[in-house]
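The chain contents come next:
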Amino acid sequence: MSTQPLLIEIGIEEIPAGVSSQLGNALFCKLDVLLNDYGFAPENLIWNVTPRRLLIHASACGLRQPDRDEAIWGPPEKVAFDSDGKPTKAAEGFAKKSGLSVADFSLADKGDGKARYMKAIVHREGLNAIDVLADALPEILRKLPSPKQMRWCDGAARSDAFIRPVRWIVARLGDDVIPFEYAGVASGKISQGHRIAGSSGELDIDDPVTWLAEQKVMLRREDRIAHINSAMQALCQAEGVEVVADAELVEEVADLTEWPVPLMAEFGEDYLRLPDEASRITLKAHQRCFVTHDKTGKISNKFIAVANIDSKDVAKVAEGNARVVNARLADAAFYYDRDPSETLDARVEKLNSVTFQEGLGMVGDQVRRMRSFVLDSAKAIGANGETAQRAAYLCKSDLTTGLVYEFPELQGYMGGVYARMDGESDAVAQAIAEHYQPAGAEDALPESAEARAIAIAERIDKLLGYFHLGRIPTASADPFGLRRAAIGLIRLLADTTTPVEMTLDQVINEAAKQWNQQRVTIAISDETRQQVKSFIVERLMGLADHLALSRACIDAAIASQTERPIYRHLAIAQLLMGFADSESGQAVAAANKRIANILKKAGHVQLDIDPALLVEAAEQDLHDKLCEAEQSFPSEPEHQLNVLADLREAVDGFFDDVMVMAEDEKVRANRLALLARLRNLFLRLADISRL
C-alpha cells in the first residue's frame, strides 16, 4: 500500500486550560477509528495540543483503501421465497435496494443455526483516503465534546460551532491538501506560529515539532511541563528559595502557554502577615503564580510567574506581575484586618439571609440541621458532641466575611483562622477548617473526627435537599456537584481510621429527620430517601477500582440482609475477593445462584421445615448441617464465611440426589423451605449468588 505522512492541525483562538487535552484526545480517537476502519493503517499516529492548536500526525498513512469483496446478507429463505420457490416482494425489494437482482443472490448458512439467508458477494473498489477524510472531518469537528460552543459565522457556516473561533486549518496527506471547510475556514498547508514571536508558513509535514519550535511554539505538552519545572528549580536555586510543589498548577500553566518562560518576582513583605493559604490561593487562583518557601520553610515574598514569551526585559515583566499580585494581596490584607472586628458567633445570625438554594431555605437553616445531626450522631461517629456542635454552629459563618466573599476558595480555611482569633478551642477551629474535606476522590480526609461529623452531615443534607427538589444529576450534567458530594460521603463512611458506626440507612434517616423537624416546610419522603440511597450505592460501585475491590464483591456485601456500616460491608467485600476466585468459592456461588433462581420461580416459600418429610439421605444431611450452622453461627465475618463454605459438600449432595420440585406438594414445599432457610443463612453475611 502506498503511504504518505498525514498532518491535521486545527488552529484556534486561545482555549481554556484543561479543555485542549480533552479535545485533542477526542479528535485523535475519532480519527484513529476512522482510519483503521477504512484500512488506511496509520503508523505512529499521535496527537498534541497547545492553547491555540490541536494537531494530529502520522508518519505514514495509506493513500487508498484496499479493494475487497463484501458479503451482503438478505432476508431468510422463508421470507425471500414462497412455497413454489419464487422470489417474494421482500427479496426483490432487498435486491433492488442493494443495486443487484435476485439472481445475483444465493442461499447460504449464516452460522446462526436458524435458517439459510440470501447472500451475494460484491466487489468493492477501495476509496481514496483524501476523499474519506475530507468527507468525515467536518462532522468529526462538529461532534467533538466541548463544555461550551461558540458560533461566530454568518450564512451557511453559521451552524459550525467550536469552543473558540477557528482561524486556520492545515490538512495534508503528503503533498496533497485534504479539501474541506469548517466554520468558513478552508483547509490548506499554512500554519501560524506563536501569536507574537512566530510567523506563518507551510507547516512541515514530516517534522511539525521542529518547525513549530522555530516559531516559538513548544508543541508537546509534556515538554512544556518539564521545561516549567526545570526552569523554576533553576530560579529557586539562584534565589535560595524552594518552590511549593503544585502539579495541578504546572499543568494548568502548560495549557495556557505555547512558549512558557518562568520568572521570579516579589510581592511586598508586609503581606507575609497573611495566612499562608490566603497568599497561596491569591497567587494561584487569580494570577496562576507559584509561591515559594525560604530556607526555614516559611512562605517567602518571592513568587514565580510564567510568561508566554521570551522577554528582552525580564525585570519589567516581573515588575508588572508584582504590581498585579500586590494589588490582589492588598485586597486580601484589607479584609483580613477588617473581618475579625465581628466574631464568627456574631455572624451566625447573618446566615439567615444567605440563600442555601432556592426552594431549600437559608444557610442558617442548613447550619441548624447540621448542628442537630452531629449532636445526635457524635457518639456513632466517634466525635466529641460538644466540640462538634460548636464547630457545626460556626462552620459557615466565614461565608459572611469579606475575605471569603472576595476569595471563595478560602472558605473553611479562613473560618478556622478566624475561630482561633475569636478564642475558640483548637479542636473547634480545626473542625471548621477541615469540614469541606474531601473535595474529591483523591483529596485528603479530615483528621478531626468532629470535622468528619460535620462533613457527613453537610453532604447527606445536600443530597436529600436537592433530590427533594428533583435536581437529580443526569448522565451529562451535575451542576450542583451531587456526585462529588456522594463520593465524599462514601469516603468518609468507608474510612477505618475513625470508623463511623452508622449504617447508610441510619445516616440518611437521621439527616431526613433534621429536615422534617425544621421550620422549613420541606418533608423528605421515603421515595427521596430511597433515591438518595440508590444514588450513593451506584457511586460506591463506581469507586470499586479506587477501593481495589470488584463490583461483584461490593454488590454481594451490600446485598446482605444484615445492616452494617459501609466500612464493614467493604471489609466483607475484601474478604470475598479471595473467596470468589477460589475453587470452593466458585462452587458455593454457583449453588447460591441455583438456589436463588429456584426460590424466585417458586414465589412465596415458608420457612418451617418438617423433619418427617425429609425422606432422602442427602436432604436429611443438609438439614442437620444447616441446623448446626444456624445454632453456632459466629459473629465474625471471616468465621461466618468458613462455616458457609463448609456447607458446600452437603449442598452438592442435595442437588445431586434430591429432586426439589417433587410431585408431592408437601415434600416439595418442605424442600423449598430447606433451601430458603439455607439462603437466609448465607444472606446474613452476603449475597454469594452475586459473585
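Note that this is a predicted model, so its numbers are computed, not measured.

Q: So, the pattern of salt bridges: which residues are in play, and what are the values?
A: A full pass over the atoms with the stated rule returns 51 salt bridges. Between Lys284 and Asp246 there is a salt bridge whose closest N-O contact spans 3.2 Å. Separated by 38 residues along the polypeptide, Lys284 in helix H8 (residues 276–287) and Asp246 in the loop between strand S13 (242–243) and helix H7 (247–256) bring together distant segments of the chain. The pair formed by Lys284 and Asp246 is uniform in burial state, with each residue classed as buried. Its salt-bridge partner being Asp339, residue Arg347 comes within 4.0 Å of it at the nearest N-O pair. Each member of the pair Arg347 and Asp339 is classed as buried.

Q: Tell me about the domain arrangement of the chain, and name the residues and values.
A: The domain boundaries assigned to the chain delineate domain 1 (3–65 + 128–215), domain 2 (68–124), domain 3 (221–340), domain 4 (355–543) and domain 5 (570–690). For domain 3 and domain 5, the distance between their C-alpha centres works out to 66 Å.

Q: Go over the environment of Phe28 with me, naming the residues and quoting the values.
A: Along the chain, Phe28 turns up in helix H1 (residues 19–37). The exposure class assigned to Phe28 is buried, which follows from its relative accessible area of 16%. Separated by 28 residues in the primary sequence, Phe28 and Ile56 have C-alpha atoms spaced 6.6 Å apart.

Q: Break down the sheet that holds S13 for me, citing the residues and quoting the values.
A: Taken in spatial order, the four strands line up as S13-S15-S16-S14 in an open sheet, and their pairing is antiparallel. Strand pairing shows two members of the sheet lacking a second neighbour, S13 and strand S14 (261–266), which therefore form its edges. On top of the sheet, helix H9 (residues 314–338) reaches S14 and strand S16 (299–307); it is set at about 60° to S14, its chief contact.

Q: Break down the pairing of strand S6 (residues 116–124) for me, with residues and values.
A: If a strand is regular, its side chains alternate between the two faces of the sheet. As paired strands, strand S4 (residues 68–76) and S6 are joined by seven bridges and run antiparallel to one another. Paired with Asp69 across the strands is His123, a residue of S6. Bridge count for strand S5 (residues 106–109) against S6 is four bridges, and the pairing is antiparallel. From the neighbouring strand, Asp109 faces S6, where its bridge partner is Arg116. Hairpin remark: S5 followed by S6, antiparallel, with six residues in the connecting loop; positive phi at Gly111, about 95°.

Q: Which residues make up a negative patch on the surface, and what values go with them?
A: Residues Asp204, Asp206, Asp207 and Glu214 make up a contiguous surface patch of negative charge. Note that Asp204 resides in the loop between strand S12 (200–202) and helix H5 (208–214). Overall, Asp204 belongs to the partly exposed group, its relative accessible area being 31%.

Q: Break down the packing of aromatic side chains for me, with residues and values.
A: Within this structure, the stated rule accounts for nine aromatic pairs. Ring geometry for Phe334 against Tyr335: centres 5.2 Å apart, planes inclined by 70°, an arrangement best described as edge-to-face. With 5.4 Å between their ring centres and 80° between their planes, Phe654 and Phe655 make a pair best called edge-to-face. The pair Phe654 / Phe655 is uniform in exposure class, with both members buried. Cluster of aromatic residues (ring-pair linked, three or more members): Phe356, Tyr466 and Phe480. One residue, Arg369, lies across the ring of Trp515, its end atom 3.4 Å from the ring centre. Looking at Arg539, its charged tip hangs above the ring of Phe535, at a distance of 4.7 Å from the centre.

Q: Explain the packing of helix H20 (residues 551–558) against helix H21 (residues 566–581) to me, and be specific about the residues and the numbers.
A: For the pair H20 and H21, the least separation of the axes is 8 Å and the interaxial angle reads 125°. The orientation of H20 relative to H21 falls into the category oblique. As for the relative orientation of H20 and H21, their crossing is right-handed in sense. On H21, the residues touching Cys553, Ile554, Ala556, Ala557 and Ile558 of H20 are His569, Leu570, Ile572, Ala573, Leu576, Met577 and Ala580. The residue inventory of the contact of H20 with H21, partitioned by class, reads eleven nonpolar, one polar and no charged.

Q: Run through the nonpolar core, naming residues and quoting values.
A: Core analysis: the largest hydrophobic core is formed by 141 residues, its most contacted members being Ile460, Leu463 and Leu576. Residue contacts for Leu576: discarding those within four places in its chain leaves Cys553, Ala556, Ala557, Leu641, Ala686, Ile688 and Leu691. Of all hydrophobic cores here, the second largest spans 43 residues; its members include Ala129, Leu137, Ile169 and Ile178.

Q: Before we move on, could you go through the UniProt feature "domain: DALR anticodon binding" (unreviewed entry) in the chain and cite the residues and values that matter?
A: UniProt records the feature "domain: DALR anticodon binding" (unreviewed entry) at residues 594–691, using the numbering of this structure. As annotated, residues 594–691 has a helix share of 64% and a strand share of 0%, and its two end C-alpha atoms lie 13 Å apart.

Q: Hey, could you go over the sheet that holds S5 for me, with residue numbers and the actual values?
A: Spatial ordering of the open sheet is given by S4-S6-S5, a layout of three strands whose pairing is antiparallel. The strands lining the two open edges of the sheet, one partner per strand, are S4 and S5. The sheet shows a mean angle of 50° between the axes of neighbouring strands, direction not considered.

Q: Explain the environment of Glu14 to me, and be specific about the residues and the numbers.
A: Structurally, Glu14 can be placed in the loop between strand S1 (3–12) and H1. Overall, Glu14 belongs to the partly exposed group, its relative accessible area being 34%. Taking the C-alpha atoms as reference points, Glu14 and His623, separated by 609 residues in sequence, lie 74 Å from one another. Polar side-chain contacts of Glu14 include one of 2.8 Å to the side chain of Arg195.

About the criteria used
- Each chain carries its own residue numbering, running from 1 in the written order of its sequence.
- Local features in a predicted model are, by the rule used here, given only for residues with pLDDT of at least 70; side-chain atom pairs are given and counted only at 80 or more, and totals for whole chains, interfaces and linings are based on all residues.
- Excluding hydrogens and water, the side-chain figures rest on all heavy atoms present in the structure.
- When a carboxyl oxygen of Asp or Glu lies within 4 Å of a side-chain nitrogen of Lys or Arg, that pair is called a salt bridge.
- In DSSP terms, a helix is any run of H or I states spanning at least four residues, a strand is any run of E spanning at least two, and both are numbered starting from the N terminus.
- The cut-offs for exposure are 20% and 50% of the maximum accessible area for each residue type, with area from a 1.4 Å probe on protein chains only; residues under the lower value are buried, those over the upper are exposed, and the others partly exposed.
- Domain limits in this description derive from either an automatic procedure or a database domain assignment.
- We call two strands paired when DSSP finds no fewer than two bridges between them.
- Contact criterion: two residues are considered in contact whenever any of their non-hydrogen atoms come within 4.5 Å of each other.
- Interaxial angles span 0 to 180 degrees and are taken between N-to-C directions of axes, which are lines fitted to C-alpha atoms, for helices over the stretch in contact.
- Residues enter patches when their relative accessible area tops 30% and they take part in no salt bridge; the joining distance is 9 Å for like charges and 5 Å for the nonpolar side chains Val, Leu, Ile, Met, Phe, Trp and Tyr.
- The protein chains shown are the only cover counted for residues, whose accessible areas, like all others here, come from Shrake-Rupley with a 1.4 Å probe.
- Here the positive residues are Lys and Arg and the negative ones are Asp and Glu; neither His nor the chain ends is included.
- To locate a charge, take atom NZ for lysine, CZ for arginine, CG for aspartate or CD for glutamate.
- Ring pairs are drawn from Phe, Tyr and Trp, using the six-membered ring of Trp, whenever the two centres fall within 6.5 Å, and their geometry is named by plane angle: stacked under 30 degrees, edge-to-face over 60, tilted for the rest.
- For a Lys NZ or an Arg CZ to count as sitting over a ring, it must be within 6 Å of the ring centre and within 35 degrees of the ring normal.
- Note on angle classes: values under 35 degrees are labelled roughly parallel, values over 145 roughly antiparallel, values of 65 to 115 roughly perpendicular, and the remainder oblique.
- Handedness of each helix crossing follows the sense of rotation of the near helix against the far helix: counterclockwise by less than a right angle gives left-handed, clockwise gives right-handed.
- Ten residue types, Ala, Val, Leu, Ile, Met, Phe, Trp, Tyr, Cys and Pro, are classed as nonpolar, four, Asp, Glu, Lys and Arg, as charged, and the remainder, Gly among them, as polar.
- Residues belong to one nonpolar core when they are buried, are Ala, Val, Leu, Ile, Met, Phe, Trp, Tyr or Cys, and are joined through side-chain atoms within 4.5 Å.
- UniProt positions are given in the numbering used here, feature names are shortened, and annotations may be inferred rather than shown by experiment.
- N or O atoms closer than or at 3.5 Å make up a polar contact, with two conditions inside protein: a donor-capable atom paired with an acceptor-capable one, and, for residues adjacent in sequence, both atoms drawn from side chains.

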